[in-house]
Amino acid sequence: MKSEIDDETCNRSTNWAFEEILSQRLARRDLMKGGLGAAALALLGGWAPSPMAPRAEANTSLFGFTGVPVSTRDVVTVPPGYAADVLYAWGDPISDGPAFKPDASNTAAEQEQQAGMHHDGLHFFPLPLGSGSSTRGLLAVNHEYTDDGLLHVGGMEPWTAEKVAKAQAAVGVSVVEVVLNDGTWRIVRPSRSAQRLTGRTPIRLAGPAAGQAMMKTGLNPTGLTVLGTMNNCAHGATPWGTYLTCEENFNGYFVNRSASIPPCQRRYGINERGAGYRWHEHDPRFDASAHPNEPNRFGWVVEIDPYDPNRQPVKQTALGRFKHEGATVTLAPDNRVVVYMGDDERFEYIYKFVSRKAFAHADRETNRRLLEEGTLYVARFHPDGRGDWRELTHGVNGLDQASGFSSQADVLVNTRAAGDRVGATKMDRPEWIAVHPRNREVYCALTNNASRGVEGRPGPDPMNPRSNNVFGHIVRWRETGGDPSATTFEWDIFVLCGDPANPQEAKQGNIKGDIFGSPDGLWFDDRGALWIQTDVSPSVLYKGDHATMGNNQMLAADPATGEVRRFLTGPRSDPAKPTAVSAWPDGPAGGRPRSATIVIRKRDGGVIGT
Ligand code: FEO
Ligand code: CA
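Small disclaimer: the values here were computed from a predicted structure and weren't measured.

(A) Up close: the packing of aromatic side chains. By the definition in use, this model includes 29 aromatic pairs. Ring centres of Trp279 and Phe286 lie 5.2 Å apart, and the angle between their planes is 80 degrees; on these two criteria the pair is classed as edge-to-face. For the pair shown, Trp279 and Phe286 are each scored as buried. Summarising the aromatic geometry, the rings of Tyr340 and Trp477 are spaced 5.9 Å apart at their centres and angled 65 degrees between planes, so their arrangement reads as edge-to-face. With a gap of 137 residues between them, Tyr340 in strand E14 (residues 336-343) and Trp477 in strand E22 (residues 473-479) connect regions that are remote in the sequence. Exposure remark for Trp477: the relative accessible area of 0% places this residue in the buried category. By the ring-pair criterion, three or more aromatic residues cluster together here, those being Tyr253, Phe254, Tyr277, Trp279, Phe286 and Phe298. The lysine or arginine in question, Arg321, covers the ring of Tyr268, its NZ or CZ lying 4.2 Å from the ring centre.

(B) Up close: the confidence of the model for the chain. With 91% of its residues at a pLDDT of at least 70, the chain reaches an overall mean of 92. The element-level mean pLDDT for the chain is lowest in helix H2 (residues 38-44), coming to 28, with strand E12 (residues 314-316) highest at 99. Across residues 17-23 the pLDDT falls below 50, and counting only partners more than four positions away or on other chains, this stretch makes nine contacts in the model.

(C) The arrangement of the sheet that holds strand E16 (residues 350-358) in detail. A sheet is described by the order of its strands in space; here nine strands give the open sequence E13-E14-E16-E17-E18-E23-E22-E21-E20, paired in antiparallel fashion. Every other strand in the sheet has two partners, leaving strand E13 (324-331) and strand E20 (430-435) as the edge strands with one partner each. Neighbour to neighbour, the strand axes of the sheet diverge by 30 degrees on average, direction disregarded. When E16 meets strand E17 (residues 374-381), the two strands line up antiparallel, connected through five bridges. By the bridge assignment, Tyr351 is partnered in E17 with Val378.

(D) Summary view of the coordination of the calcium ion (ligand 2). All of the protein donors around the calcium ion (ligand 2) are Glu325 (OE), Glu431 (OE), Asp520 (OD) and Asp520 (OD); their distances to the metal are 2.2 to 2.5 Å. Judged by its relative accessible area of 0%, Glu325 is buried.

(E) How the structure looks around the sheet that holds strand E27 (residues 553-557). Here we have five strands laid out as an open sheet, ordered E24-E28-E27-E26-E25, and mixed in their pairing. The outermost strands of the open sheet, each flanked by one partner alone, are strand E24 (512-513) and strand E25 (519-524). Bridge analysis of E27 against strand E28 (residues 563-569) gives five bridges, and the strand direction is antiparallel. Bridge pairing links Ala557 to Val564 in E28.

(F) A look at the nonpolar core. One finds Met230, Trp279, Val339, Met341 and Leu392 to be the most contacted residues of the largest nonpolar core, which totals 72 residues. The element best represented in this core is helix H8 (residues 408-413), accounting for four residues. Filtering out sequence-adjacent residues up to four positions away, Met230 remains in contact with Val171, Glu247, Glu248, Phe250, Tyr253, Phe254, Trp279, Phe286 and Phe298.

(G) View of the environment of Gly228. Mapped onto the elements, Gly228 comes out in the loop between strand E8 (225-227) and strand E9 (232-237). On a C-alpha basis, the gap between Gly228 and Val173 in space is 10 Å, while along the polypeptide they are 55 residues apart. Look past the residues within four positions of Gly228 in its chain and what remains in contact with it is Thr198, Gly199, Arg200, Thr201, Ile203, Glu247, Phe298 and Lys315.

(H) Focus on unusual backbone geometry. In the segment running from Arg189 into Pro190, the intervening peptide bond is cis, with an omega of -5 degrees. Topologically, Pro190 is positioned in the loop between strand E5 (184-187) and strand E6 (195-197). A cis amide bond links Trp584 with the next residue in sequence, Pro585, at an omega value of 0 degrees. For Asn335, which is not glycine, the phi torsion reads 70 degrees and is therefore positive. Here Asn335 shows up in the loop between E13 and E14. For Arg440, which is not glycine, the phi dihedral falls at a positive 70 degrees. By the element assignment, Arg440 lies in the loop between E20 and strand E21 (442-446).

(I) Quick peek at the environment of Thr14. By secondary structure assignment, the location of Thr14 is in the segment before helix H1 (18-33). For Thr14, a relative accessible area of 75% corresponds to the exposed category.

(J) Local environment of the state of the cysteines. Going through the model one piece at a time under the given rule, you end up with zero disulfides. A disulfide-free cysteine, Cys10 has its sulfur positioned 13 Å from the sulfur of Cys264, the nearest such atom. Accessibility expressed as a relative area gives 36% for Cys264, which makes it partly exposed.

(K) Quick look at helix H5 (residues 161-169). Among the nine residues in H5, seven count as buried, and that is most of the element. Residues of H5 that are buried: Lys163, Val164, Ala165, Lys166, Ala167, Gln168 and Ala169. In this structure, the buried side of H5 is in contact with helix H3 (108-111), helix H4 (148-151) and E6.

(L) Structural detail: the pairing of E16. Two strands pair when backbone bridges link them, and E14 and E16 are joined in this way by six bridges, in the antiparallel orientation. Paired with Val338 across the strands is Val354, a residue of E16.

(M) Geometry of the pattern of salt bridges. Tallied over the entire structure, the rule returns 39 salt bridges. Here Glu365 and Arg311 are joined by a salt bridge, their closest N and O atoms 2.8 Å apart. In this pair, Glu365 sits in helix H7 (residues 364-367) while Arg311 sits in the loop between strand E11 (301-304) and E12, placing the two residues 54 residues apart along the sequence. For Glu365, a relative accessible area of 47% translates into the label partly exposed. Between Glu372 and Arg369 there is a salt bridge, with its nearest N and O atoms 2.8 Å apart.

Rules behind the numbers
Residues numbered from 1 in each chain as written. Chains lettered and ligands numbered in written order. Predicted model: local features only at pLDDT ≥ 70, side-chain atom pairs only at ≥ 80, totals over all residues. Heavy atoms only, no water. Phe/Tyr/Trp six-rings, centres within 6.5 Å; stacked < 30°, edge-to-face > 60°. Buried < 20%, exposed > 50% of the residue type's maximum accessible area, 1.4 Å probe, protein only. Helix = DSSP H or I, 4+ residues; strand = E, 2+ residues; numbered from the N terminus. Lys NZ or Arg CZ within 6 Å of the ring centre and 35° of its normal. pLDDT = per-residue confidence, 0-100. Contact = heavy atoms within 4.5 Å. Pairing = 2+ DSSP bridges. Axes fitted to C-alpha atoms, helices over the stretch in contact; angles between N-to-C directions. Donors = N, O, S within 2.8 Å, 3.2 Å for Na, K, Ca; no water. Core = buried A, V, L, I, M, F, W, Y, C linked by side-chain atoms within 4.5 Å. Disulfide = S-S within 2.5 Å. Salt bridge = Lys/Arg side-chain N within 4 Å of Asp/Glu carboxyl O.

Set out below in structure tokens:
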């Protein structure tokens with residue numbers, strides 16, 4: 001869950017319109033009159049039951065586990081009665097391929113048959129398809145990025161073509177077959193179902209931008225195929241059994257050292273330096289000045305069929321291009337497919353896609369095309385607790401030739417600029433989005449934004465109510481009529497993260513329960529518990545405002561009561577000197593720490609969290 005982002009603010013748009021400032025003032029006036037709307041409560045920073053949907057306080061807790069304390073130890077901790085077992089770590093073979101070499105001497109070709117680094121979004125798909133099995137299935141796992149200091153013998157010096165190839169093989173996605181035997185999950189080896197997508201896997205482009213001029217390169221003159229997916233962060237899963245992986249900070253792999261970087265690249269954070277991955281030094285397509293269309297082919301949602309390794313994955317361009325964080329799928333009452341998506345950068349937007357055609361249960365082939373055609377919207381939050389979804393369609397809402405958009409492909413490749421144009425609301429780094437399984441409320445983690453209100457950047461507003469928002473918050477909304485395809489909604493803030501005891505008022509959270517900061521992963525279980533994973537940046541872990549929070553953690557929240565209880569703490573982290581602070585999971589004899597997927601089980605076989 002890499003949270004290091006360039007401090008540069010890519011969104012220089014001035015779409016905080018006068019009408020918003022005026023209505024914000026009106027909201028504040030209402031507050032003074034005693035009209036306690038959602039927005040006003042957010043400004044006060046005090047907890048209150050949702051004004052959107054008052055509901056009875058539960059008499060008993062949703063949770064039956066004993067919360068765990070914060071931790072700075074180099075272990076995973078879970079409550080009494082639970083176990084956390086390592087299933088699959090960087091370098092482990094996906095099938096019967098090469099074993100991990102603890103001195104990092106596996107070659108690039110070997111890495112292509114092994115787990116990548118930095119496991120992020122993951123999803124379990126039961127075997128066989130449609131069975132609902134919870135004892136055998138396919139696990140799709142994102143490999144978000146590389147720590148090249150750990151990935152190679154000798155780290156990044158010298159930097160070679162082989163090391164670039166290995167880095168490209170260590171990102172992407174795995175699909176592994178897993179089975180529960182005698183109470184223990186393990187990976188099935190060999191498995192004909194195992195898949196590995198890397199930074200070089202051929203992926204088909206589909207939707208309105210496929211084949212268009214801005215997608216064509218010298219290597220791929222048709223604009224229909226791109227090599228690779230990378231910075232795969234959060235995810236989604238469709239009702240027809242496909243996996244959606246989200247390309248997030250793709251800009252960091254490119255550099256552009258030309259005299260003038262085009263605005264369309266600047267808007268996505270492409271700059272002279274990149275994020276230090278240095279792929280361009282041995283793979284020229286990551287030089288964005290020489291290959292200006294190559295970046296246009298990243299920043300998409302990729303659809304993968306975990307059940308068919310021979311099916312080519314697809315970048316679905318109708319879902320827009322940005323630093324995708326999550327693609328959370330739900331269905332409208334008429335069975336059209338709705339996908340909620342965040343754009344994780346400071347002052348960026350929240351989006352949703354609504355398919356043109358409806359999901360058809362029996363027809364998997366037709367369903368595979370549902371994400372190719374539909375309407376993309378961006379969220380405009382109003383300070384009075386209402387909101388609307390603004391359509392990003394060429395010819396609508398001023399998205400036309402006069403405003404610089406020549407086609408729908410142009411709107412999609414430059415989704416951020418389209419959002420600027422229609423007045424989308426700048427949020428504090430939208431990460432995962434989760435839909436409540438019963439009441440359909442939608443929750444979005446806004447992980448943090450230390451630039452809010454700092455050095456001339458946009459100041460606090462009711463939706464993002466804290467300047468220098470180092471701890472983040474979770475916003476939620478309810479679509480009009482409970483229909484996910486609606487174009488209007490009501491919103492409020494579920495929780496302001498942080499420590500209620502923090503002496504700085506602007507940083508105090510209003511958590512009812514265990515403290516946390518930087519919410520990132522969000523997922524609802526069937527009981528309606530909201531699971532929250534944190535991603536405090538290693539650069540601030542254990543320091544200053546974060547001194548009391550310890551390692552990154554997972555918590556469970558009850559939307560009905562606001563209770564938050566800590567369920568898990570992770571191992572230590574420090575990318576600058578990883579071997580000095582962590583040897584997880586192999587211990588000191590392992591040579592280097594490895595990111596890994598763990599399995600948590602309740603020892604009595606019960607449901608997690610009960
Ligand atoms: Fe990859 Fe926004 O976390
Ligand atoms: Ca994330």
